[in-house]
Amino acid sequence: MAMKLNAINFPSPKCPSFALPPAASCRSPRFFMASTLRSGSLEAETVKKPFSPPREVHVQVTHSMPPQKLEIFKSIEGWAEDNILVHLKPVEKCWQPQDFLPDPASDGFHDQVKELRERAKEIPDDYFVVLVGDMITEEALPTYQTMLNTLDGVRDETGASSTPWAVWTRAWTAEENRHGDLLNKYLYLSGRVDMKQIEKTIQYLIGSGMDPRTENNPYLGFIYTSFQERATFVSHGNTARHARDHGDIKLAQICGTIASDEKRHETAYTKIVEKLFEIDPDGTVLAFADMMKKKISMPAHLMYDGRDDNLFDHFSAVAQRLGVYTARDYADIVEHLVARWKVENITGLSADGQKAQDYVCGLPPRIRRLEERAQGRAKQAAKLPFSWIYNREVLL
Ligand SMILES: [Fe+2]
Ligand SMILES: [Fe+2]
């Protein structure tokens, strides 16, 4: 019963399907009802508790991958050593946040900060809401490293394991760590945002964790990360474009540089899934369809600032309106992955595999049709205050 309720996730005009957290994290009465079914205490679930962060309440599935698949997965460890680790950049060749920020040890520090703040003054509030949301998403990195370490055959068994998967995960995390760091420092210096509210949101978000429904299964896990790296590439690319339009070339450079890291990570993750398609086409197409049916939940869908119960929906609505990340992007990403893995051309599939193939190949136009219908029903946009910008109001 709870499963059935949790499966409901239609696009709405304000919250495109990509933006909707899995139904479980919505705080509508229906979803409280879903969790109530398990807890058996209607009172406890429907009374709004102050300062209670959202949490996953869907049924959480673990270890869905059968042992023979684990063996298949383990067989590509040598391949990963030679083909995946090459997508990491040596630390000495990596950019660091400090390359893009005023140097606190230099005489010109105060002038550089002043210039940064002058440029930031020209940027509208709605842009800052989206940039803050993106930064908070990056800052919940402990959750994503944890997620990778839930995957069977992938997890870092000791914290310093020398398997290629563990080496990749640690180095990927270390690269990603620069993203939140850079955006956080930039936003702090800009003087445009309420840092304490932002810091609270990060603390709540890391505390909430997330279950992307990858079930400890590396097939599902790497399909999820392929999608996510592409999504962050698109969204940081768009914040770069907007910053340039607002005349802030340096901020455009910051966002563009982060986007290019995401692209490199996308290349690595999609290559892993490409390999899985090569050695196990049936299992991989089934996993792809399964992940798409469950919908890709956004990494920060449980975000909360201690005030707004629907903060992620509101942030997503602004991102959608500005064109930083939209339902159309979600459909484009699915289409891109279908083409990247040449799903249409796979032959020799089982009956279930063929069904899964038809499903994923037909998905992008279906998402677009749903989105167009939702747009047609869209009501007049509302304005809402965001605590991240001192409760100034922004159009959703
Ligand atoms: Fe990132
Ligand atoms: Fe990334």
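Residues numbered from 1 in each chain as written. Chains lettered and ligands numbered in written order. Predicted model: local features only at pLDDT ≥ 70, side-chain atom pairs only at ≥ 80, totals over all residues. Heavy atoms only, no water.

1. Observations regarding the coordination of the iron ion (ligand 2)
- Only Glu176 (OE), Glu229 (OE) and Glu262 (OE) from the protein coordinate the iron ion (ligand 2), and they sit 1.9 to 2.1 Å from it.
- Mapping the donors of the iron ion (ligand 2) onto the primary sequence gives the spacing E-x52-E-x32-E. (Donors = N, O, S within 2.8 Å, 3.2 Å for Na, K, Ca; no water.)

2. Some points on the UniProt feature "binding site: Fe cation 2" (unreviewed entry) in the protein chain
- As annotated by UniProt and renumbered to match this structure, "binding site: Fe cation 2" (unreviewed entry) occupies Glu176, Glu229, Glu262 and His265. Spanning 90 residues, the named residues nonetheless gather at one spot, since no C-alpha pair among them exceeds 10.7 Å.
- Mapped onto the elements, glutamate 229 comes out in helix 11 (residues 218-245).
- Relative to the helices and strands, histidine 265 resides in helix 12 (residues 249-279).
- Those residues in contact with histidine 265 that sit more than four places away from it in its chain are Trp168, Trp172, Glu175, Glu176 and Glu229. (UniProt positions renumbered as here; feature names shortened; annotations may be inferred. Helix = DSSP H or I, 4+ residues; strand = E, 2+ residues; numbered from the N terminus. Contact = heavy atoms within 4.5 Å.)

3. Structural notes on the pairing of strand 1 (residues 383-386)
- Across 4 bridges, strand 1 lies against strand 2 (residues 392-395) in antiparallel orientation. Following the sheet pairing, proline 385 is matched in strand 2 by glutamate 393.
- Between strand 1 and strand 2, which follow one another and run antiparallel, lie 5 residues, and tyrosine 390 among them has a positive phi close to 55°. (Pairing = 2+ DSSP bridges.)

4. Notes on helix 12
- For helix 12, with 31 residues, the first-to-last C-alpha span of 45 Å sits near the 45 Å given by 1.5 Å per residue.
- Between the side-chain oxygen at the start of helix 12 and the backbone nitrogen of lysine 250 there is a gap of 3.3 Å, and the oxygen is on aspartate 248. (Expected span 1.5 Å × (residues − 1). Polar contact = N/O pair within 3.5 Å; in protein donor to acceptor, adjacent residues only side chain to side chain.)

5. Notes on the nonpolar core
- Counting residues in hydrophobic clusters, the biggest one holds 105 residues, and the most contacted among them are Tyr186, Phe222, Phe227, Phe288 and Trp388.
- A per-element tally of this core places helix 12 first, with 11 residues.
- Residues contacting phenylalanine 222, with those up to four places away along its chain left out, are Phe73, Leu148, Leu151, Val154, Trp165, Tyr269, Ile272 and Val273. (Core = buried A, V, L, I, M, F, W, Y, C linked by side-chain atoms within 4.5 Å. Buried < 20%, exposed > 50% of the residue type's maximum accessible area, 1.4 Å probe, protein only.)

6. Remarks on the UniProt feature "binding site: Fe cation 1" (unreviewed entry) in the protein chain
- When the UniProt feature table is mapped to this numbering, "binding site: Fe cation 1" (unreviewed entry) covers Glu138, Glu176, His179 and Glu262. Of the residues just listed, which span 125 residues, no C-alpha pair is farther apart than 11.3 Å, and they cluster in one region.
- Apart from residues lying up to four places away in sequence, glutamate 138 is in contact with Tyr144, Glu176, His179, Gly180, His236, Ile258 and Glu262.
- Counting through the fold element by element, glutamate 262 comes out in helix 12.
- Overall, the relative accessible area of 1% leaves glutamate 262 in the buried class.
- Apart from residues no more than four positions distant in its own chain, glutamate 262 is found in contact with Glu138, Glu176, His179, Glu229, Thr232, Phe233 and His236.

7. Looking at the side chain of glutamate 176
- Mapped onto the elements, glutamate 176 comes out in helix 9 (residues 164-190).
- For the buried glutamate 176, which has no salt bridge, the nearest side chain bearing the opposite charge is arginine 178, at an N-O separation of 7.7 Å.
- Among all residues touching glutamate 176, those that are not within four sequence positions of it are Glu138, Leu141, Glu229, Glu262 and His265. (Lys, Arg positive; Asp, Glu negative; His and termini not counted. Salt bridge = Lys/Arg side-chain N within 4 Å of Asp/Glu carboxyl O.)

8. What to know about the pattern of salt bridges
- Taken as a whole, this structure holds 21 salt bridges when the rule is applied.
- Arginine 155 is paired through a salt bridge with aspartate 152; the nearest N and O atoms lie 2.7 Å apart.
- On the accessibility criterion, aspartate 152 (11% relative accessible area) is buried.
- Of the charged contacts in the structure, one is a salt bridge between lysine 275 and glutamate 278, with a shortest N-O distance of 3.2 Å.

9. Regarding unusual backbone geometry
- Positive phi, close to 45°, is recorded for histidine 63, a residue that is not glycine.
- Within the secondary structure, histidine 63 sits in the loop between helix 3 (42-46) and helix 4 (67-74).
- Residues other than glycine seldom take positive phi values, yet lysine 342 does so here, at roughly 45°.
- One can find lysine 342 in the loop between helix 15 (327-340) and helix 16 (351-376).

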